Amino acid sequence: MSDMAQKDTDKKNMDKKNVGLFVTCLVDLTRPSVGFATARLLEAGGCTVHVPDSQTCCGQPAYNAGDKVDAQALARNVITAFEDFDYIVAPSGSCAGMIREHFPALLAEDEKMSARAQGVAAKTYELMEFLHDVLGVSDTGTTFQGAVTYQDSCAGLRELGIKEQPRALMAAVDGLSLKELDDGESCCGFGGLFSVKYPDISGKIVDDKAEAIEKTGADVLLGGDLGCLMNIAGRLQRRGSPVKVRHLAEVLAGMTGDVPPIGETKE
Amino acid sequence: MGPRELILGNIAKSLKESALSPSSRQEIETRLSAHANNTVPRRGQGENEAQTALFIAEAERVNATTERLDGLEQVGEAVLRYLASHNLPGSVKVAPHPLLENVDWSKHPTLDVARGRAEDSDQASLSVARAGVAETGTLVLHSGPECPTTLNFLPDNHIVLLPQSQLVGAYEEAWEMLRGDSNAMPRTVNWVTGPSRSADIEQTLLLGAHGPRRLHILIINDKKTT
Amino acid sequence: MQSTSRHFNSNARKGIADAKLQAALSKLSHGFPVKRLAAMARLPEFEALRDDARDIKEHTLANLGTYLEIYEAKVLESGGHVHWATDAADACEIILGICRDVDAKTVTKGKSMISEEIAVNEYLENNGVQPIETDLGEYIIQLRHEPPSHIIAPAIHLSKEQVAETFRGEHRHLQTGRNLDEPRTLLEEARGELRRKFIAADVGITGANMVIAETGTSIIVTNEGNGDLTQTLPKTHIVIASIEKVVPTLEDATTILRVLARSATGQEMSVYNTFSTGPKRPEDLDGPENYHVVMLDNGRSKMLGGEFHDMLRCIRCSACLNHCPVYKAIGGHAYGWVYSGPMGAVLIPGLQGLAETHDLPGASTFCGKCEDVCPMRIPLPRMLRSWREKAYAARLGSTKARFGLAAWAFLARRPSFYRPIMAFGVGLLALIGRRGRFSTLPLAGGWTASRDLSAPEGTTFLSQWKRGKR
C-alpha cells in the first residue's frame with residue numbers, strides 16, 4: 001500500500017463513527033437477529049460498531065413502574081457503558097426515548113451524573129432516524145417483495161418525532177409497497193409491564209390494532225420496536241391471521257431469508 | 001379563619017414554597033388595563049367585503065342561513081318571506097332596538113309585530129347583533145333594555161339583524177367595540193355560532209336541542225347611510 | 001357519588017364485554033379526533049394559540065391569589081356575590097343556603113363537572129330541593145342515576161334504545177305507544193319536557209369554563225343553549241366555579257376559547273359562548289335578579305406549585321379521553337368516579353386517595369397521545385408516573401408484579417449475574433418453544449390470556465457477538 005493510500009485508510013478510520021450499539025434487552029434475549037441486522041446496517045453506513053458487554057436494560061420498566069431507585073441505577077449503568085462513543089444507537093424508539101428524553105430528568109438531582117446523562121442523551125438515536133438523519137442513508141439497496149403496513153412506535157413517534165425516516169427507507173426498498181394503517185398513530189396496547197398487569201385492556205387494544213392491520217390487506221407488518229411487534233404478532237397469531245410480523249431492520253438489512261418472522265418457525 | 005382567608009392563605013403558602021415567580025401587583029394591574037391581544041388568527045383579517053364573504057361562509061358551515069339586504073326598508077319583507085318559507089305564522093317578537101324602530105312595519109299589515117322579551121309561546125324573534133365576527137361566522141349579542149337575552153334562546157326561530165359595518169375579523173375587535181360602548185360589561189354577552197345542537201344521543205348531530213332550531217342572519221348593507 | 005375506582009379492573013372488564021359501549025367507543029374514535037384534525041388544519045395559528053393558552057394559565061396560576069381577589073372585587077362591583085368553599089361539603093351547604101333563601105323548589109342545571117365533583121344534586125335532593133339537569137346527556141344520566149362516562153358527552157355509553165327505555169320509564173304522563181325509535185324523537189321529547197322545567201325553575205345553576213378577573217365575568221360554553229335558558233329564566237343564577245378557572249382578561253379568555261372547542265369536538269367554536277357579569281341591570285327586560293358565585297378549592301390550592309400543578313391548566317376539553325387507547329377500550333365508567341381518561345387518572349387519586357385508586361395511573365401505556373393533543377400542553381404521562389412512584393413507595397398494587405420487577409432489576413443491575421442466568425433462561429425457553437411461540441406459559445398468563453408469546457431464538461445477541469458472529 002502506498003503512503004498515500006495508507007493515509008486515506010487512516011483518515012477513513014478516523015472519520016468512521018464509533019457507534020455504541022444499545023441492542024435492548026428484548027432483542028438481546030429474544031430476537032438477536034434484529035441486533036445483527038442493526039449492526040449490519042450501521043457498518044454499511046460507515047460506522048464502527050461497538051457492543052459493550054455490560055449493557056442490560058435501559059431501566060424503563062422500573063421507571064414506568066414508579067421504581068425510581070432501580071431505574072436510576074440502570075441508567076447509570078447505561079451511561080457508564082456508552083458515554084465514550086460518538087453515538088449511541090438502539091433499534092427501538094422506546095429505549096432510545098428512555099435514554100434521550102428521560103435520563104436527564106431521572107438523574108437531574110444526581111450531581112455526579114446529571115451532566116453525563118445529558119451528554120449521553122444528546123448523542124442517542126433510534127436506528128431509523130440515525131440511518132436517515134445522521135448517516136444520510138436514503139437507500140439500503142435491499143429488495144423485499146410484498147405489501148407491508150407499518151406500526152409506529154409511540155415513543156419513537158411522539159418522544160423522538162420519528163415518522164418520515166422509516167417511510168423514506170421503506171420507499172427505497174425494491175418490491176416493497178406500503179399500505180398505511182387506519183388510525184396509524186394509535187398505540188398497540190403493549191406499554192411494557194402494562195401488557196401483563198392489565199391483560200384485558202391490553203388485549204382489547206391490540207385486538208383492535210390487529211383488526212386494523214388485517215384491513216390493510218398487507219402481508220407483513222413492520223415496525224421499529226420489538227415490544228410492540230411481539231405484542232401485535234402474538235395477537236395476530238391468536239386470531240389465526242396470515243399477516244407476518246418483522247422488525248424493519250431485518251428487511252432493510254436483507255435478512256428476511258435468514259430468520260423467520262416473529263413467533264414463526266423456519267418451515 | 002373563614003373559608004376565603006383559608007383558601008387565599010393556602011394559595012399564598014403553595015406559591016411561596018414553589019418555584020413559580022409571581023408578578024408585582026403593579027404589573028398585574030398594568031396587564032389588566034392593557035388587555036393586550038394574544039395570537040390573533042389571520043383568517044378574519046381583510047377588507048369589509050372579504051370579511052362579509054368569510055362571515056357568510058363560516059356561518060353557513062355551521063347551519064345558519066344568511067341573506068344580504070340593501071337597507072332597513074327590506075327587513076319587513078325579508079322577515080315575512082322567511083316565516084312563510086318555513087310555514088310559520090306571520091308573527092314575530094322584536095327587540096325594542098332603535099334600529100328596528102326605523103323599520104316601517106306598517107307596510108306589512110300581515111306581519112304581527114310585538115316588542116319585548118321572549119315568552120315561551122313566541123315562535124320567532126328578531127334581534128340586533130352588536131357585531132359579527134368573520135373568523136367563525138359568530139354573532140355577538142348582548143343584554144340591555146334594547147336587546148333582551150330571551151329573544152336569543154326561547155323561540156324556535158331566531159332572526160338576527162347584522163349591520164355590515166359591524167362586521168369585524170376577530171373576537172378581540174368585538175371586545176373593543178363593547179369597551180367603547182360602556183365602562184362596564186352588560187349582564188350577558190352571547191357569542192352565537194349557528195343554531196342550537198346536540199350530539200348527546202349516539203353521537204348523532206341534531207339541530208335544535210334547547211335553543212333555536214334555526215338561525216337566520218340578515219346582513220344589512222348600511223354603508224350608504226354611514 | 002360513591003367511588004368504584006378500587007374495582008377498576010372488574011369495571012374495565014365489564015366495559016370491554018359491553019357490546020353497546022364498544023360500539024359507541026368505536027364511533028368516538030372516528031368522530032371527535034377526526035374533526036379535531038380538520039379544525040386544526042384550517043387554523044395555521046393553532047400551535048401558537050396552544051402556547052399562548054398555556055402561558056396565560058401559567059401566569060395566572062403564579063398570581064392566583066391576586067387574580068382571585070381582583071375577580072371577587074369585580075363581581076361585587078357588578079352586584080353579584082362570591083362565596084368561598086374549601087371543600088365539597090362547604091359548597092353544597094352554600095348552594096342549599098342560597099336555594100332556601102329564595103324558597104326554591106326546583107333548580108335547573110347547566111352541565112358542570114364541578115357540580116359532579118361535589119355531588120350537589122344528591123345533597124339538594126336530600127334537602128327537599130329538586131335539581132334538574134338540562135344538558136341532554138346529563139338529563140339522561142340523571143334519570144338513570146349514573147355518573148357521566150365522558151366529561152363533555154356524558155351519555156356517550158348509551159344506545160338510543162337505552163335512552164328510549166329510560167324516557168318511557170320516566171315520562172309516564174306521555175302516551176305509551178309513542179314512537180321513540182330515533183335520536184330526533186328522543187331529543188324532541190327531552191326538549192318538550194325540559195322546556196316546562198326551565199320556565200318553572202326558581203334557581204339556575206351553571207358551571208364556569210372560565211372566570212375573568214378584568215370584568216368579574218363567568219363563562220359557559222354549550223351547544224344546546226340549555227345553559228343560557230338555565231341562567232336567564234330563573235330569578236337566581238348560581239355559578240359553581242373552582243379557583244383555577246380564573247384568567248386575567250377578555251382577550252385571554254378568547255384565546256383559550258379558540259383552542260377549547262377545536263380540541264373538544266373539533267368545532268371551530270361552540271354554538272353558545274356566554275359571558276355573564278352580575279345580575280340583570282334594573283332596566284333589563286329579562287335575566288336573573290341575583291347572581292352568586294361559589295368559588296371552590298377542594299384541594300386545588302395545595303396542588304399549586306407542586307408536582308401536579310400543571311393539571312390546574314386543564315380546561316376539561318376531553319381531548320385526552322378522545323385519544324386515549326385505554327379510555328377507548330374500557331369507557332369512562334371503569335374509572336369509577338366523575339372524571340375519566342388520562343385527566344381523570346391524574347385527578348382522581350388526589351381527590352379520592354391513592355390507596356383505592358392506584359390502578360388508574362397504573363393503567364396507561366404511556367403512549368403519550370394525551371399530552372400530544374392537550375391544548376394546554378399538560379404533561380399527563382409525567383404526572384401519571386408521579387402517582388406510580390408514590391404507589392410504588394407505598395407498596396400498593398400486586399405483590400407478584402412488584403416481586404417480578406424487583407428480581408429483574410436486581411439482575412439487570414448486575415451484568416455478570418444477569419448474562420449467564422438470562423442465557424440459560426432463553427435457551428430453555430427456545431427449547432420448549434420450538435413451535436416458534438407459546439399459547440400458554442407458566443407465569444406468563446397475563447400475556448398469553450389474549451395473545452401468543454413468541455419464543456426466543458435461543459442464544460443471546462451478546463454471547464453470539466462476543467463469539468464473533470456478525
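Quantities reported herein were computed from a predicted structural model and do not represent experimental measurements.

This part covers the overall build of chain C. When its secondary structure is counted, chain C shows 24 helices and twelve strands. If one aligns the C-alpha atoms of chain C with their principal axes, the spans along those axes are about 90 × 60 × 45 Å. Within chain C, the proportion of its 470 residues that are buried is 66%. The long-range share in chain C, meaning contacts at least 24 apart out of those at least 6 apart in sequence, stands at 71%. Accessible surface computed for chain C: about 16,500 Å², of which carbon and sulfur atoms make up 55%. One way to put it: in chain C the 57 positive side-chain charges average out to a point 13 Å from where the 53 negative ones average out.

The next thing to look at is the overall build of chain A. Each helix and strand in chain A was counted, giving 14 helices and eight strands. In terms of C-alpha radius of gyration, chain A reaches 19 Å, essentially the compact-globule figure of 18 Å for 267 residues. With the C-alpha coordinates aligned to their principal axes, the bounding extent of chain A is approximately 60 × 50 × 30 Å. Taking all 267 residues of chain A together, the buried fraction comes to 63%. Roughly 10,000 Å² of accessible area belongs to chain A as shown, and the carbon and sulfur atoms make up 48% of that amount. Counting 27 positive and 39 negative side-chain charges, chain A places the averaged centre of each group 2 Å from the other.

As far as domains go, chain C holds domain 1 (1-30 + 318-343 + 354-397), domain 2 (46-301) and domain 3 (399-466). Here domain 1 of chain C and domain 3 of chain C have C-alpha centroids that lie 29 Å from each other.

As for its placement among the helices and strands, Gln-231 of chain C is situated in helix α12 (residues 226-232). With sequence-adjacent residues up to four places away left out, Gln-231 of chain C is seen in contact with Arg-187 of chain B together with Thr-206, Ile-220, His-237, Thr-274, Ser-276 and Pro-288 of chain C.

Strand pairing within a sheet occurs via backbone hydrogen bonds; the two strands may be parallel or antiparallel. If you trace the eight strands from one edge of the open sheet to the other, you get β8(B)-β5(B)-β6(B)-β9(B)-β9(C)-β6(C)-β5(C)-β8(C), paired in mixed fashion. Of all the strands in the sheet, the pair left with one neighbour each is β8 (167-168) of chain B together with β8 (246-247) of chain C. Here strand β6 (residues 217-222) of chain C runs beside strand β9 (residues 272-276) of chain C; their pairing, made up of five bridges, is antiparallel. The residue bridging Val-221 of chain C from the neighbouring strand is Asn-273 of chain C, located in β9 of chain C.

Residues and elements named next belong to chain C. Spanning 15 residues, helix α13 (residues 250-264) covers 21 Å between terminal C-alpha atoms, matching the ideal 21 Å at 1.5 Å per step. By the criterion of burial, α13 is predominantly enclosed, with 15 of the 15 residues buried. Immediately downstream of α13, the backbone of Gly-266 shows phi near 80°, a positive value.

Ranked by size, the top nonpolar core spans 111 residues in total, and within it Ile-201 of chain A together with Phe-275, Met-295 and Met-311 of chain C carry the most contacts. Counting residues per element, this core draws most heavily on α13 of chain C, at seven residues. Excluding residues within four positions of it along the chain, Met-295 of chain C makes contact with Ile-7 of chain B together with Leu-68, Tyr-71, Val-82, His-83, Trp-84, Ala-85, Val-211, Ala-241, Ser-242 and Ile-243 of chain C. Counting 67 residues, the second-largest nonpolar core is a separate cluster that includes Leu-69, Ala-78 and Leu-141 of chain B together with Ile-132 of chain C.

A separate point is the domain arrangement of chain A. Residues and elements named next belong to chain A. Per the domain assignment, the segments of chain A are domain 1 (3-132) and domain 2 (139-252). Between domain 1 and domain 2, the C-alpha centre-to-centre distance is 23 Å. Facing the 26 residues of domain 1 at the interface are 23 residues of domain 2. A buried area of about 1,900 Å², summed over both sides, lies between domain 1 and domain 2, and 71% of it is on carbon and sulfur atoms. The closest approach of N and O atoms between Arg-31 and Glu-250, which form a salt bridge, is 2.6 Å. Remark: the boundary between domain 1 and domain 2 carries six residue pairs in polar contact (both at pLDDT 80 or more). The greatest single-element share of the side of domain 1 that touches domain 2, amounting to eight residues, is contributed by helix α6 (residues 93-106).

We now examine the packing of aromatic side chains. Applying the stated rule across the entire model yields 21 aromatic pairs over all chains. Note on Phe-22 of chain A and Phe-82 of chain A: the rings are 5.6 Å apart at their centroids and 70° apart in plane angle, and the pair reads as edge-to-face. Of this pair, Phe-22 of chain A sits in the loop between β1 (17-21) and α2 (25-30) while Phe-82 of chain A sits in helix α5 (residues 68-82); the two residues are 60 residues apart in sequence, bridging distant segments of the chain. Grouping residues by exposure puts Phe-22 of chain A and Phe-82 of chain A together as buried. Three or more aromatic residues joined by ring pairs make a cluster, and in this case those are Phe-194 and Tyr-198 of chain A together with Phe-8, Tyr-327 and Tyr-335 of chain C.

Moving on, we get to the interface of chain A and chain C. Contacts between the two partners involve 69 residues from chain A, matched on the other side by 63 residues from chain C. Both faces considered, chain A and chain C share a buried interface measuring about 5,500 Å² in area, 61% of it formed by carbon and sulfur atoms. The three residues of chain A that bury the most area against chain C are Leu-29, Phe-36 and Arg-238 of chain A, which together make up 13% of that side's buried surface. Between chain A and chain C we count eight salt bridges in total. In this assembly, chain A and chain C are joined by 29 residue pairs in polar contact (both at pLDDT 80 or more). Mapped onto the side of chain A that touches chain C, the elements with two or more residues apiece are α2, α3 (32-44), α4 (60-64), α5, α9 (154-159), α11 (194-197), α12 (199-216) and α13 (226-238) of chain A. The element that contributes the greatest number of residues to the side of chain A that touches chain C is α12 of chain A, accounting for eight residues.

So, about the packing of α6 of chain A against helix α7 (residues 114-122) of chain A. Residues and elements named next belong to chain A. Two elements in contact, α6 and α7, have axes whose closest approach is 8 Å; the angle formed by their N-to-C orientations is 165°. Classified by the angle between their axes, α6 and α7 sit roughly antiparallel to one another. The two elements α6 and α7 cross, and the hand of that crossing is left-handed. Of α7, the residues touching α6 (which contributes Ile-99, Arg-100, Phe-103 and Pro-104) are Ala-117, Gln-118, Val-120 and Ala-121. Among the residues forming the contact of α6 with α7, the class breakdown is six nonpolar, one polar and one charged.

Below, the discussion takes up helix α1 (residues 8-17) of chain C. Along α1 of chain C, the residues classified as buried are Phe-8, Asn-11, Ala-12 and Gly-15 of chain C. Seen end-on, α1 of chain C carries its buried residues on one side only, within an arc spanning 100°. Facing away from the buried side of α1 of chain C by over 90 degrees, the exposed positions are Lys-14 and Ala-17 of chain C. Next to the buried residues of α1 of chain C lie α12 of chain A together with α2 (19-29), α16 (325-330) and α18 (359-362) of chain C.

A few words now on the sheet that holds strand β6 (residues 174-178) of chain A. All names here are of chain A. Taking strand neighbours across the sheet as the criterion, the four strands line up as β6-β5-β7-β8 in an open arrangement whose pairing is parallel. Only two strands of the sheet have a single neighbouring strand rather than two, namely β6 and β8 (244-247). Looking at each pair of strands side by side, their axes are set apart by 35° on average, direction ignored. Direction of pairing for strand β7 (residues 220-223) relative to β8: parallel, over a ladder of four bridges. Residue pairing across strands places Gly-223 opposite His-247, the latter belonging to β8.

The next subject is the interface of chain C and chain B. Tallying the contact residues gives 104 residues for chain C and 79 residues for chain B. When chain C packs against chain B, close to 7,700 Å² is buried across both sides, 56% of that on carbon and sulfur atoms. Linking chain C to chain B there are twelve salt bridges. Between Glu-188 of chain C and Arg-213 of chain B there is a salt bridge, and its shortest N-O distance comes to 2.7 Å. When residues in the side of chain C that touches chain B are grouped by element, the largest group, eleven residues, is from helix α11 (residues 183-200) of chain C. Of the residues that constitute the side of chain C that touches chain B, the class distribution is 46 nonpolar, 29 polar and 29 charged. Direction of pairing for strand β9 (residues 188-192) of chain B relative to β9 of chain C: antiparallel, over a ladder of five bridges. Along β9 of chain C, the bridge assignment pairs Trp-191 of chain B with Asn-273 of chain C.

On to the arrangement of the chains. A comparison of contact numbers over the two pairs of chains in contact places chains B and C at the top. Chain A shows no contact with chain B. Their nearest C-alpha atoms sit 16 Å apart.

The rules behind these values
Residues numbered from 1 in each chain as written. Chains lettered and ligands numbered in written order. Predicted model: local features only at pLDDT ≥ 70, side-chain atom pairs only at ≥ 80, totals over all residues. Heavy atoms only, no water. Helix = DSSP H or I, 4+ residues; strand = E, 2+ residues; numbered from the N terminus. Buried < 20%, exposed > 50% of the residue type's maximum accessible area, 1.4 Å probe, protein only. Contact = heavy atoms within 4.5 Å. Areas by Shrake-Rupley, 256 points an atom, 1.4 Å probe, with all protein chains shown as cover. Lys, Arg positive; Asp, Glu negative; His and termini not counted. Charge placed at Lys NZ, Arg CZ, Asp CG, Glu CD. Rg over C-alpha atoms; globule rule 2.2 N^0.38 Å. Domains from an automatic or database assignment. Pairing = 2+ DSSP bridges. Expected span 1.5 Å × (residues − 1). Core = buried A, V, L, I, M, F, W, Y, C linked by side-chain atoms within 4.5 Å. Buried area = accessible area lost by both parts, 1.4 Å probe. Salt bridge = Lys/Arg side-chain N within 4 Å of Asp/Glu carboxyl O. Polar contact = N/O pair within 3.5 Å; in protein donor to acceptor, adjacent residues only side chain to side chain. Phe/Tyr/Trp six-rings, centres within 6.5 Å; stacked < 30°, edge-to-face > 60°. Axes fitted to C-alpha atoms, helices over the stretch in contact; angles between N-to-C directions. Parallel < 35°, antiparallel > 145°, perpendicular 65-115°, else oblique. Left-handed = near helix turned anticlockwise from the far one by under 90°. Nonpolar A, V, L, I, M, F, W, Y, C, P; charged D, E, K, R; others polar. Arc of directions from axis to C-beta.

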